[in-house]
Every structure is written in C-alpha cells, then in structure tokens.
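Next come the chains, spelled out residue by residue.
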Amino acid sequence: MAALRKTWIGVVAGVTLLLAGCGGDGPRAVDSSSSVRPSTVTSTSRPPVIVPASEAPATSPPPVTRPPVGTSAAPTSARTTPPPTPATGTVVLRTATLSGVPVPGVPVRLSLQQPCDPAGHDIPVGETTETQRQEGVTDAAGLAVFTAATGCYHFGMTAPAGTNPVPEGMHSLFLVEAGATVTGNLRFQDTAPAPACAEATVETELGVDPGPVATISHCDGRWAVVSWDSPGDNQRIITRATGTWATYVQFPHDTCWAEASAAGVPDTLRHYFSC
C-alpha cells in the first residue's frame, strides 16, 4: 500500500512538472534527439507584387524651370546683322534774288531719285522714282540745310505770294561723296519798293529831263540800269547807296569788273563790264 502511494505521488509530481513547463512564457529547449519535429514557422511577410508595364502609372514630367518675374528669357533665334548705314553728306538749298538778296521763309523740298549714279550727273527722265523726300523752310539767311544720303536729287520750292521766282525748270543736284556739301540755288527776280524804282523817282533824283520815256531794265532798289527813248547812247548804271539815285557809270565806259565788284555792283550786272 505504501508502495502504491509512493507511485501515485510520483505520477502526480511528474504531471505537475509537465504542466508547469507547458504554461511558461520562456522558450523551451528542443531536444534534437527527440523524434518530434519542430513546428513549421509561417512567415507573415507578403511576396512583392509585380505590376505589368502596361498597367504601371505614367512617370511625372520634370518640372519646368521658368525665369524669375521681371527678367526675360534668352532669345533662341540667331541675331541678324543690321544693314550698313548709308553714306551721307549735306545739301543746302538757298533762296535768293538774282542780285544775291536772301529770300527767307520759302518752303523747299529735296527728293531722292533712284536708281541713279550720282557720279554721272544725270537723272534719266522716266527711269527713276522718288524714294525719299525731305522738306523745310529757308531761314533768315535764305538757307535750308539737310543731311542726305549720297545720290541724285531733284529739288524745288513753293514760291510765297508776292514773290517772282525765276522760271528755270527742274532743279537737280548730285551728292557724290560722303561728307561733301552741295548747294542748290532757287532764284527770284529782284523786286524793289515801287517808289524807289519808279520812273519819276529815278528821273527826279538824277535831275534829268522827264520828257523822254525811261526804260529801267534792272532795279533792286540799290542798283539799276536805265536808258531813255532819245537819240544817242544814253544808257547808264545808277546806284542809290546814299539814299538817292546817282550815276555810277555811263556808256560807253572803261570801268573794269574788279573795280565795279568792289563797289558793290551785283553779279547780275557783270556783263556790262568788259575787263
């Protein structure tokens, strides 16, 4: 009986030890010699998912770099070379009377004609056209100055009311070399105050017989050429430099042009002097 009790106590003790070993939190040693195989450990991690290329999301484009506000992007086109600057010179348009007295306030114009060779000094009629026009008004000295490209030009004016322009047809000039100055002349008939050039004034101040009819062929108020309808050569050049008419030379005479020019005789009367 005692032996049976001891056996029962040993069984209970073994079962107690076995239950204590199974309910503990610590790891259990596995006997490599045991015939029981260790349990297979199942992994919780999932294998990688391979997505076909046709179903892959599109790749985002790289960000666009924009210049800061207030700046401009560099031009992408190649720079073009500007055309060469044309050679230029100076054109002076002068308005004056035949005796050289300036006529101010005259509207003038300058017209470039192309195609044309300025060195040839010829503008073919009907073969050129106006490609540029400049306009101006002559100043107190009767001058209008233009900066102009080398070439062939027509020039002209609009004669103010009360003036008497010389009918000279089409005016032309040629600016051949860069930096050169060319002058174009627009001329007017000399017009003097009526009282000074009147026949009665001339005859009274000269103290001549007012009977014969006087012919005054030139008079600018300071110089005049007068003759009378009477026998003999009575033509003379007179001057009014001192405020009254006086005889400068009476024909025939032997005064040379150098002397007359120094006295102020205008160029328009040069043909009356032989030397």
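Look up: the structure comes first, before these words.
Analysis parameters
Counting of residues starts from 1 at the beginning of each chain's written sequence and follows it residue by residue. pLDDT decides what is reported in this predicted model: residues at 70 or higher carry local features, side-chain atom pairs at 80 or more are listed and counted, and totals for whole chains, interfaces and linings draw on all residues regardless. No hydrogens and no water enter the side-chain calculation; it runs on all heavy atoms of the structure. Elements are defined by DSSP. Helices are runs of H or I of four residues or more, strands are runs of E of two residues or more, and each kind is numbered from the N terminus. At least two bridges found by DSSP between two strands are what make those strands a pair. Angles run from 0 to 180 degrees between N-to-C directions of axes, and those axes are lines fitted to C-alpha atoms, restricted for helices to the stretch in contact. Residue burial is assigned from relative accessible area. The probe radius is 1.4 Å, only protein chains are included, and a residue is buried under 20% of its type maximum, exposed over 50%, and partly exposed in between. Here the arc refers to the set of directions running from the helix axis out to each C-beta atom. Think of a polar contact as two N or O atoms within 3.5 Å of one another; within protein, one of them needs to be a possible hydrogen donor and the other a possible acceptor, and neighboring residues in sequence only count if both atoms come from side chains. A pair is scored as a salt bridge if a Lys or Arg side-chain nitrogen falls within 4 Å of a carboxyl oxygen belonging to Asp or Glu.

## Let's talk about unusual backbone geometry
No. 1: For the bond running from Q114 to P115, omega is -5°, close enough to zero to count as cis.
No. 2: Summarising the element assignment, P115 is placed in the loop between strand 2 (107-114) and strand 3 (129-137).
No. 3: A cis amide bond links F251 with the next residue in sequence, P252, at an omega value of -5°.
No. 4: As for its placement among the helices and strands, P252 is situated in the loop between strand 11 (246-250) and helix 4 (257-262).
No. 5: A positive phi angle, close to 50°, is found at H121, a residue other than glycine.
No. 6: Within the secondary structure layout, H121 lies in the loop between strand 2 and strand 3.

## Structural notes on the pairing of strand 11
No. 1: Relative to strand 11, strand 10 (residues 236-239) is paired through 4 bridges, and the arrangement is antiparallel. Looking at the pairing, I237 lines up with V249 of strand 11.
No. 2: Between strand 10 and strand 11, which pair antiparallel and follow one another directly, the connecting turn spans 6 residues, one of which, G243, has a positive phi of 100°.

## Here's the deal with the sheet that holds strand 8 (residues 214-219)
No. 1: Here 4 strands make up an open sheet; going across it, the order is 8-9-10-11 and the pairing antiparallel. Edge positions in the sheet fall to strand 8 and strand 11, since each has one partner strand and no second. Adjacent strand axes in the sheet meet at a mean angle of 30° when their direction is disregarded.
No. 2: Pairing of strand 9 (residues 223-228) with strand 10 involves 4 bridges; the strand directions are antiparallel.

## Overview of helix 3 (residues 199-206)
No. 1: Among all positions in helix 3, only V202, E203 and L206 are buried. Down the axis of helix 3, the buried set is contained in an arc of 90°. They therefore lie on one face. Among the exposed residues of helix 3, those oriented more than 90 degrees off its buried face are A200 and T204.

## Some thoughts on the side chain of N234
No. 1: By the secondary structure assignment, N234 is in the loop between strand 9 and strand 10.
No. 2: For N234, a relative accessible area of 13% corresponds to the buried category.
No. 3: Reaching out from N234, the side chain makes a polar contact with the backbone nitrogen of W228 at a distance of 2.9 Å.
No. 4: A polar side-chain atom of N234 sits 2.6 Å from a polar atom in the side chain of S230.

## Brief notes about the pattern of salt bridges
No. 1: Summed over the entire model, instances satisfying the criterion amount to 4 salt bridges.
No. 2: Put simply, R133 and E135 hold a salt bridge, and the shortest N to O gap is 3.7 Å.
No. 3: On the accessibility criterion, E135 (59% relative accessible area) is exposed.
No. 4: The shortest N-O distance in the salt bridge between E205 and R240 comes to 2.9 Å. Here the residue E205 occupies a position in helix 3, and R240 occupies one in the loop between strand 10 and strand 11, the gap between them amounting to 35 residues.
No. 5: The exposure class assigned to R240 is partly exposed, which follows from its relative accessible area of 23%.

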